[in-house]
Amino acid sequence: MIAWLTRHLQTLVGSLGRLSQQKFSTFLTMLVIGIALALPTCLHVLVTNAQRATGAWHRALEISVFLQPQTPETEAQQLADRISKRRDVAQVELITAAKGLEEFQRQSGFGEALAALNENPLPHALLVRPDGAYTSTDHLAELAAWIRELPSVDIVQLDTGWVERLNAILEAISRAIVIATALLALGVLVIVGNTIRLDIQNRRAEIEITKLVGGSDGFVRRPFLYSGLWYGLGGAVLAWLITALVVSALRDPVGRIASLYGSSFELASLDLGTSTKLLLTGAALGWIGSFLSATRHLRDIEPS
Amino acid sequence: MIRFDHVYKRYPNGREALSNVSLEVARGELVFVTGHSGAGKSSLLKLIALIERPTRGQLIVNGQNVAGVSRRKIPAFRRQIGMVFQDHKLLYDRTVFDNVALPLVIAGVRTKEIGKRVRAALDQVGLLGREQCLPLELSTGEQQRVGIARAVVSKPPLLIADEPTGNLDPDLSLEVMNLFRRFNEVGVTVLIASHDLYLLDRFPVRRIRLENGRIVDPGNAAADDAAPLLDPRKLLEREHGAPS
């Protein structure tokens, strides 16, 4: 077991040493892989940020409930408590008539005119925010219908049209990312496979000799698998760097746009989980690509 | 150790390299295979090392019928055969040590043990202290000795050599042959393909003579060749057949 590990470790380091002997061509291969991996990674970062930026929209996903005028405040509070007990409701905010008027005075600019009224024309209102897990349009409609049946409820407002549109757009984008990722992963497999194929051709004599002295297919293949692993891992590191560069280049302009809209939104780079996933994916693709290529091409080389 | 039973080898291009070869080499023998180039010496060795497979007939090496050795089992089969080549077949980007260690690394021997056995093998061929050289820093004769050290480092029961002295001058040839004899003395079966007349002259051992892919002299009785043939004319006769 220890001997087995030692041998693998030696091959692992040995293949790295071999790659470092041809720094330039190794770097070029890794760069091509890096660019291929950077494209879906950048898209992913973009979408993650977009989701974060539109997080505020989710808050806009509210059901506005207006109670009948002259409903006592205690009853409004009871109603709010009752609704908030539902599993699919994250939060219920009670806006009393007095508070609503105050806010309206502040925001509308009709302050003076409103002050002239001797009676508050506004009813109590409830802002029902559904739980994030229950935002499908069907579910929201069902929730709204249930609220509508409650006593003292006058009007229930739910605009689901834009939610549907947003969901559809996000769905389309994420599917496009999946397709792009699959295609680019295939590209990485081809790049690694081809590089390994050339590598095998260049080392034909060595492979023949190794087979002559009793090296099995697995033994001969091992260094090529590790080369593939290094190519993939190196490519993933470059992809990470490219993504980080892209994000840092976009950070200032995006920040300016955000500040113009009065937001403190800041572009986030790759988090630890995504970075790990990127590196593992790169290494795995390199390994698989070299495995496919080496298994196929090493069979053809036999001593003669 | 080796038994050919009516073995034929025909290559895809139609050339028949061996026809109806039957011969037996006992464990512990030292045997020359002689004949012109193209007589089938190399084909004979290639069949033994399973580089080629017989077209017809049965071949048994070290108790194993080669017909029963599947492609996947060839590596393990070859590990019991030490092979020496005319062109050495060394890895020129690796040190002498790494070259000799290769069969042990393949066999999964522990690192510490590898060091010991590689040095022992290099000591036997007189190259101890040159472990860290690259093959091209050595002379041809020394490179051939590295090849021999690699062939014997895993202590195979059978050693086959294809024209091992082909590129060497007479003194170096003798040196290499003496190495083979020493391995033979400790029980290794040695089979050497050679058309080196000078060498054949010096070593009175059994010789199998091939001509156009047929055995013209199986050299069965070792006594037959006990005395070195000193007369060059007789030697030529032996090598090329009596003039008709």
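Rules and cut-offs
- Note that residues are indexed from 1 along each chain, following the sequence as it is written.
- Chain letters and ligand numbers both follow the written order, the letters beginning at A and the numbers at 1.
- Totals for whole chains, interfaces and linings use every residue, but because this is a predicted model, local features are given only for residues with pLDDT of at least 70 and side-chain atom pairs only at 80 or more, for both listing and counting.
- Side-chain metrics rest on all non-hydrogen atoms present in the structure, leaving aside hydrogens and water.
- Each helix is a run of H or I in the DSSP string that is no shorter than four residues. Each strand is a run of E no shorter than two, and both are numbered from the N terminus.
- C-alpha atoms define the radius of gyration in this analysis, and the globule rule sets the expected value at 2.2 Å times the number of residues to the power 0.38.
- Only protein chains enter the accessibility calculation, which uses a 1.4 Å probe; a residue is then buried when its area is under 20% of its type maximum, exposed when over 50%, and partly exposed in between.
- The contact criterion used is simple: two residues touch if any of their non-hydrogen atoms lie within 4.5 Å.
- The Shrake-Rupley method, run with a 1.4 Å probe, gives the accessible areas here. Residue values count only the displayed protein chains as cover.
- Note that His is not counted, nor are the chain ends; the positive residues are Lys and Arg, and the negative ones are Asp and Glu.
- One atom stands in for each charge, and that atom is NZ of Lys, CZ of Arg, CG of Asp or CD of Glu.
- As used here, the term nonpolar core means buried Ala, Val, Leu, Ile, Met, Phe, Trp, Tyr and Cys residues forming a set that is joined through side-chain atoms within 4.5 Å.
- Throughout the structure description, domain borders are defined by an automatic or database domain assignment.
- By definition, the buried area sums, over both parts, the 1.4 Å-probe accessible area that each loses when the two are put together.
- The salt bridge definition used is simple: a Lys or Arg side-chain nitrogen within 4 Å of an Asp or Glu carboxyl oxygen.
- Strand pairing requires that DSSP identify at least two bridges connecting the strands.
- To define axes, lines are fitted to C-alpha atoms, for helices over the stretch in contact only, and angles between the resulting N-to-C directions are given on a 0 to 180 degree scale.

### Observations regarding the overall build of chain A
The helix and strand tally for chain A stands at eleven helices and four strands. A compact globule built from 304 residues should have a C-alpha radius of gyration of about 19 Å, whereas chain A, at 31 Å, is more than 25% larger. Structurally, chain A occupies a C-alpha span of about 105 × 40 × 35 Å along its principal axes. Taking all 304 residues of chain A together, 38% fall into the buried category. Summarising the internal contacts of chain A: among those between residues at least 6 apart in sequence, 82% fall at separations of at least 24. Accessible area of chain A: about 17400 Å², with a carbon and sulfur share of 62%. Taken as two groups, the 26 positive and 27 negative side-chain charges of chain A have centres that lie 16 Å from each other.

### Details of the overall build of chain B
Looking only at helices and strands, one finds eight helices and ten strands in chain B. Taking all 244 residues of chain B together, 50% fall into the buried category. In chain B, the proportion of contacts linking residues at least 24 apart, taken out of those at least 6 apart, comes to 68%. Counting only carbon and sulfur atoms, one obtains 49% of the accessible surface of chain B, whose full area is about 11200 Å².

### Overview of the nonpolar core
Residue and element names in this part refer to chain B. Of all hydrophobic cores here, the largest spans 40 residues; its most connected members are Val 100, Val 118, Leu 122, Ile 148, Leu 159, Phe 180 and Ile 192. Taken together, the elements giving at least two residues each to this core come down to strand 3 (30-34), helix 3 (96-107), helix 4 (111-124), helix 5 (140-152), strand 7 (158-162), helix 6 (170-185), strand 8 (189-193) and helix 7 (197-202). Among the elements that line this core, the one with the most residues is helix 6, at six residues. The contact partners of Leu 159, leaving out residues within four places of it in the chain, are Gly 82, Val 84, Ala 151, Val 152, Phe 180, Phe 183, Val 188, Thr 189, Val 190 and Leu 191. Core analysis: the second largest hydrophobic core is formed by 34 residues, Ala 49, Phe 77, Met 83 and Leu 158 among them.

### Considerations on the domain arrangement of chain A
Domain annotation of chain A identifies domain 1 (2-56 + 168-298) and domain 2 (61-165). Computed from C-alpha coordinates alone, the two centres of domain 1 of chain A and domain 2 of chain A are separated by 51 Å.

### Brief notes about the domain arrangement of chain B
Accessible area lost when the parts come together is the quantity often used to give the size of an interface. Residue and element names in this part refer to chain B. We note that the domain assignment places domain 1 (1-80 + 159-244) and domain 2 (88-155) within chain B. Contact with domain 1, which involves twelve residues of that partner, is made by eleven residues of domain 2. Counting the surface lost from both domain 1 and domain 2, the interface buries some 990 Å², and carbon and sulfur atoms represent 73% of this. Contact with domain 2 buries area across many residues of domain 1, yet Arg 79, Leu 179 and Phe 183 alone supply 44% of it, more than any other trio. On inspection of domain 1 and its partner domain 2, the count reaches one salt bridge.

### Side note on unusual backbone geometry
Note on backbone geometry: most residues besides glycine have negative phi, and most peptide bonds are trans. Residue and element names in this part refer to chain B. Positive phi is not limited to glycine here, since Asn 20 has a value of about 50 degrees. On the basis of relative accessible area, Asn 20 is assigned to the partly exposed category, the value being 35%. Positive phi outside glycine occurs at Glu 163, with the angle close to 45 degrees. Inspection of the secondary structure puts Glu 163 in the loop between strand 7 and helix 6. Overall, Glu 163 belongs to the buried group, its relative accessible area being 9%.

### What to know about the sheet that holds strand 6 (residues 81-84) of chain B
Residue and element names in this part refer to chain B. Here six strands make up an open sheet; going across it, the order is 6-7-8-3-9-10 and the pairing mixed. Only two strands of the sheet have a single partner each, and these edge strands are strand 6 and strand 10 (214-217). Across this sheet, the average inter-strand angle for adjacent strands is 25 degrees, counted without regard to direction. Judged from the three bridges that link them, strand 9 (residues 206-211) and strand 10 form a sheet pairing that is antiparallel. Note that in strand 10 the partner of Leu 210 across the bridge is Ile 215. Sheet strands touched by helix 5: strand 6 and strand 7. Its angle to strand 6, the strand with the most contacts, is close to 170 degrees. Most of the contacts of helix 6 go to strand 8, to which it runs at about 155 degrees, and overall it touches strand 3, strand 6, strand 7 and strand 8.

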